[in-house]
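Structure at a glance
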Amino acid sequence: MFSKACEYGIKASIFIAINSYEGKLVSPKEIAIEIDSPQAFTAKILQALVKHDIVNSVKGAYGGFEIDKNKIATVKLNHIVNAIDGDSIYNECGLGLHKCDEAHPCPVHDKFKAIRDGLKFMLEETSLEELALNIKSGASFLKI
């Protein structure tokens, strides 16, 4: 459902949030290792997250990436998805048709629309804080 870049962007944001709660900056290399992503690809994803004001980049010898602790609760998954993939996930046809809407629906239009609407709701309601705290508590995991 998400592009690989978007999956990595979500995982990277969660990892950065967990470390930000502990006051730690994380390097692109640490992030790439943790989310099992190529380092150059991870750097490109991180640039998009910085550009969209989701994460902060701190320059220098002891630099890295962080998210302001006060901001972690307000960053929702839809912010990350929009930064990486845009909003096409909410509009595309379930069968990949170029034209599919209420007036000209594909065979799965109504069923897929319900799934898209549910996904949009989940992405808008789920915060990085919720996901990071679930990982910290052991209720969920980021890496096998």
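In this report, we go over the structure that sits alongside the text. (Residues numbered from 1 in each chain as written. Predicted model: local features only at pLDDT ≥ 70, side-chain atom pairs only at ≥ 80, totals over all residues. Heavy atoms only, no water.)

Let us now look at the pattern of salt bridges. Where charged atoms from two side chains of opposite charge approach closely, those side chains can pair. Inspection of the entire model under this criterion finds 6 salt bridges. The residue Glu7 makes a salt bridge to Lys4 at a minimum N-O spacing of 3.3 Å. Taken as a pair, Glu7 and Lys4 lie in helix 1 (residues 4-21) at a separation of 3 residues, close to a single helical turn. Residue Lys4 is classed as partly exposed on the basis of its relative accessible area, which comes to 47%. Where Asp53 meets Lys71, a salt bridge forms, and the shortest distance between an N and an O atom there is 3.4 Å. Of this pair, Asp53 sits in the loop between helix 3 (39-51) and strand 1 (56-58) while Lys71 sits in the loop between strand 2 (64-66) and helix 4 (77-85); the two residues are 18 residues apart in sequence, bridging distant segments of the chain. In this structure Asp53 comes out as partly exposed when scored by relative accessible area, which is 49%. Look at the salt bridges and you will find they share partners, linking Glu22, Lys24 and Lys136 into a network. (Salt bridge = Lys/Arg side-chain N within 4 Å of Asp/Glu carboxyl O. Helix = DSSP H or I, 4+ residues; strand = E, 2+ residues; numbered from the N terminus. Buried < 20%, exposed > 50% of the residue type's maximum accessible area, 1.4 Å probe, protein only.)

With that settled, the discussion passes to the packing of helix 1 against helix 4. As a packed pair, helix 1 and helix 4 sit with axes 9 Å apart at the nearest point and diverge in direction by 140°. One element, helix 1, and the other, helix 4, form an angle in the oblique class. Between helix 1 and helix 4 the crossing geometry is right-handed. For the pair helix 1 and helix 4, the contacting residues are Ala5, Cys6, Gly9, Ile10 and Ser13 in the first and Leu77, Ile80, Val81, Ile84 and Asp85 in the second. The class makeup of the residues in the contact of helix 1 with helix 4 is 7 nonpolar, 2 polar and 1 charged. (Axes fitted to C-alpha atoms, helices over the stretch in contact; angles between N-to-C directions. Parallel < 35°, antiparallel > 145°, perpendicular 65-115°, else oblique. Left-handed = near helix turned anticlockwise from the far one by under 90°. Contact = heavy atoms within 4.5 Å. Nonpolar A, V, L, I, M, F, W, Y, C, P; charged D, E, K, R; others polar.)

This part is about the environment of Glu66. By the element assignment, Glu66 lies in strand 2. Taking the C-alpha atoms as reference points, Glu66 and Ser13, separated by 53 residues in sequence, lie 8.9 Å from one another. Once you skip the residues sitting within four places of it in the chain, Glu66 turns out to touch Ile16, Ser20, Leu25, Val55, Asn56 and Val58.

Before going further, it helps to spend a moment on helix 2 (residues 28-35). Residue pairs spaced three or four apart in an α-helix point in one direction, given the helix's 3.6 residues per turn. Along helix 2, the positions that sit buried rather than exposed are Ile31, Ala32 and Ile35. The buried residues of helix 2 all sit within an arc of 100° when viewed along its axis, so they share a single face. Exposed side chains of helix 2 directed beyond 90 degrees from the buried face belong to Lys29 and Ile33. (Arc of directions from axis to C-beta.)

Below, the discussion takes up the packing of helix 1 against helix 2. Where helix 1 meets helix 2, the axes come as close as 10 Å, and the angle between the chain directions of the two elements is 115°. Along this stretch, helix 1 crosses helix 2, giving a crossing that reads as right-handed. Where helix 1 approaches helix 2, its residues Tyr8, Lys11, Ala12, Phe15 and Ile16 are matched on the opposing element by Glu30, Ile31, Glu34 and Ile35.

On to the environment of Asp101. Structurally, the position occupied by Asp101 is in the loop between helix 4 and helix 5 (109-125). Polar side-chain contacts of Asp101 include one of 2.8 Å to the backbone nitrogen of His104. (Polar contact = N/O pair within 3.5 Å; in protein donor to acceptor, adjacent residues only side chain to side chain.)

Mapped onto the fold, Asn78 is located in helix 4. Of the residues examined, Asn78 reaches a relative accessible area of 12% and is grouped as buried. Dropping the residues within four chain positions of it, Asn78 is found in contact with Tyr90, Leu123 and Glu124.

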